[in-house]
Amino acid sequence: MRREEARMGREPLRLVQFTRSFHIGGTEVQVLELLRGLPSSYRLQVSVLEDAGPLIGSVWKLGHAPEVFSLKGTLAQPNTLVQIYRLSRWLKKHRVHLVHVHDFYSSIIAVPAAKLAGAKVIVGRLDLSHWQGKARRLLHAQVTRMADHVIANAEAIRTLLVEEEGLPRSRVSVIHNGLDLVRFDARTKEGLKDPLPETHGIPTVIHVANMSHPVKRQEDLLLALAMLRHEGTRLNAWFVGDGPRRPGLEKMAQELGVADGVHFLRHRTDVPALYGQATFGVLCSTAEGMSNAVMEGMAAGLPMVVTKVGGNPDLIVDGERGLLVDPERPAQLAQAFRRLLANPQEAKKMGKAARGFVARELSLEKMVRQHDALYRQVAHLP
């Protein structure tokens with residue numbers, strides 16, 4: 001034990017952060033922020049199912065070499081039990097107090113292993129399970145009920161856990177994602193990494209999301225743009241992100257006659273700078289957890305037009321920090337765009353309020369502080 005810890009009578013908390021991998025995604029970014037921000041008195045270790053992803057270098061730079069418990073394929077095979085046993089032995093060896101597991105696949109390994117090892121375990125539920133089939137949702141619910149505590153990052157997720165999965169409200173805490181504004185602003189000042197298409201002075205809406213899952217509903221944005229074009233209103237759009245759905249979306253833009261103003265920028269590493277060049281932002285998903293894309297748009301001072309799903313209403317109050325619309329209603333998207341285009345001062349006021357909300361309520365410091373308090377509470381450490 002460190003000298004200052006002994007003096008304060010505070011035992012170092014031996015904590016494992018367990019996630020699937022370190023590919024680029026909202027969950028992985030939040031795990032990195034916790035690794036950076038938790039007090040130095042912690043004994044932190046990292047475990048993964050897959051030692052891969054472009055963010056893994058950042059983990060190494062923080063001094064962590066992730067321990068790997070590979071599924072090597074599907075869950076329905078003997079290796080899953082082998083990895084549960086391996087992990088339980090590893091947790092016992094390192095006398096781990098608490099495991100925080102962040103995703104579905106990792107939960108299947110980590111929750112039973114922690115129980116076998118006598119360690120406490122917190123399950124992170126960061127979306128509405130909209131991508132899972134019925135069998136996986138049932139399995140996830142069962143594993144979640146085994147945990148000592150659950151962290152949701154939005155009120156809608158806590159509601160799902162309590163009302164649909166039957167968890168006691170006392171076992172579910174809502175901790176919103178955190179955003180490091182200093183780092184975000186520094187990335188904005190670094191500027192664009194690659195050139196942008198010429199806008200010719202036409203306002204631009206930016207949409208940041210993967211093109212792998214239909215839930216993101218980029219189609220609704222294309223339809224809204226076509227509606228505006230039909231009435232003579234020009235609006236450029238930057239689609240940031242990539243995936244197997246992109247060719248179909250590109251074809252749809254051509255068929256709707258808006259391809260000349262729709263630009264598929266694919267994956268970009270300069271998203272903060274991109275937000276700084278846009279007029280307003282949009283996210284038109286049919287399901288969301290706590291969207292980092294919306295948070296970053298708000299941090300850039302953009303009014304965001306988002307659907308009333310998942311964690312979006314936690315972020316946007318309609319008419320104050322942006323605009324809310326119903327999902328799968330492109331006509332409502334078009335109407336929201338008209339309002340922002342017709343009232344630039346109101347749009348600017350919304351963007352300023354959005355930035356203020358991020359600074360006040362979604363700071364990285366607040367997110368880390370809330371996790372720290374909960375970890376000590378669950379682990380029964382002072």
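All values reported here derive from a predicted model rather than from experimental measurement.

Each value, and the rule that gives it
Residues numbered from 1 in each chain as written. Predicted model: local features only at pLDDT ≥ 70, side-chain atom pairs only at ≥ 80, totals over all residues. Heavy atoms only, no water. Pairing = 2+ DSSP bridges. Helix = DSSP H or I, 4+ residues; strand = E, 2+ residues; numbered from the N terminus. Axes fitted to C-alpha atoms, helices over the stretch in contact; angles between N-to-C directions. Expected span 1.5 Å × (residues − 1). Buried < 20%, exposed > 50% of the residue type's maximum accessible area, 1.4 Å probe, protein only. Contact = heavy atoms within 4.5 Å. Right-handed = clockwise from strand over helix to strand, strands pointing away.

Asker: Whenever I open this one, the sheet that holds strand S9 (residues 236-240) confuses me. Can you help?
Answerer: Strand pairs in the sheet, formed through backbone hydrogen bonds, run parallel or antiparallel to each other. Pairing within the open sheet is parallel, and its six strands lie in the order S10-S9-S8-S11-S12-S13. Strands at the two margins of the open sheet, each flanked by one partner only, are strand S10 (262-266) and strand S13 (322-325). The average angle at which neighbouring strand axes cross in this sheet is 20°, direction not considered. Sheet topology note: the S9/S10 ladder contains four bridges and is parallel.

Asker: Whenever I open this one, helix H6 (residues 134-146) confuses me. Can you help?
Answerer: Since the α-helix turns once every 3.6 residues, residues separated by three or four places project in the same direction. For H6, with 13 residues, the first-to-last C-alpha span of 19 Å sits near the 18 Å given by 1.5 Å per residue. All buried positions along H6 are accounted for by His140, Ala141, Val143 and Thr144. Considering only its buried residues, H6 is in contact with helix H5 (104-117), strand S5 (120-125), strand S6 (149-152) and helix H7 (155-164).

Asker: What is the right way to read helix H2 (residues 26-37) from this model?
Answerer: Taking 1.5 Å per residue as the helical rise, H2 with its 12 residues ought to reach 16 Å, and the 16 Å between its terminal C-alpha atoms agrees with that figure. When we look at burial in H2, the residues that qualify are Glu28, Gln30, Val31, Leu32, Glu33, Leu34 and Leu35.

Asker: Sorry if this is basic, but what is going on with the sheet that holds strand S3 (residues 67-68) here?
Answerer: Spatially, the seven strands line up as an open sheet ordered S3-S2-S1-S4-S5-S6-S7, and their pairing is parallel. Edge positions in the open sheet fall to S3 and strand S7 (172-174), since each of these has one partner strand only. Strand direction decides the pairing type here: S5 and S6, joined by four bridges, are parallel. Residue pairing across strands places Val123 opposite Val150, the latter belonging to S6. Where H7 meets the sheet, its contacts fall on S5, S6 and S7, and the angle it forms with S7 comes to roughly 170°.

Asker: Where do I start with the pairing of strand S12 (residues 304-307) in this structure?
Answerer: Where burial is concerned, the two faces of S12 agree: the one with Met304 and Val306 and the one with Val305 and Thr307 are both buried. Inspection of the sheet shows strand S11 (residues 280-283) paired to S12 by three bridges, in the parallel sense. The partner of Val282 across the bridge, within S12, is Val305. For the handedness criterion, the β-α-β arrangement of S11, helix H12 (residues 292-299) and S12 is classed as right-handed.

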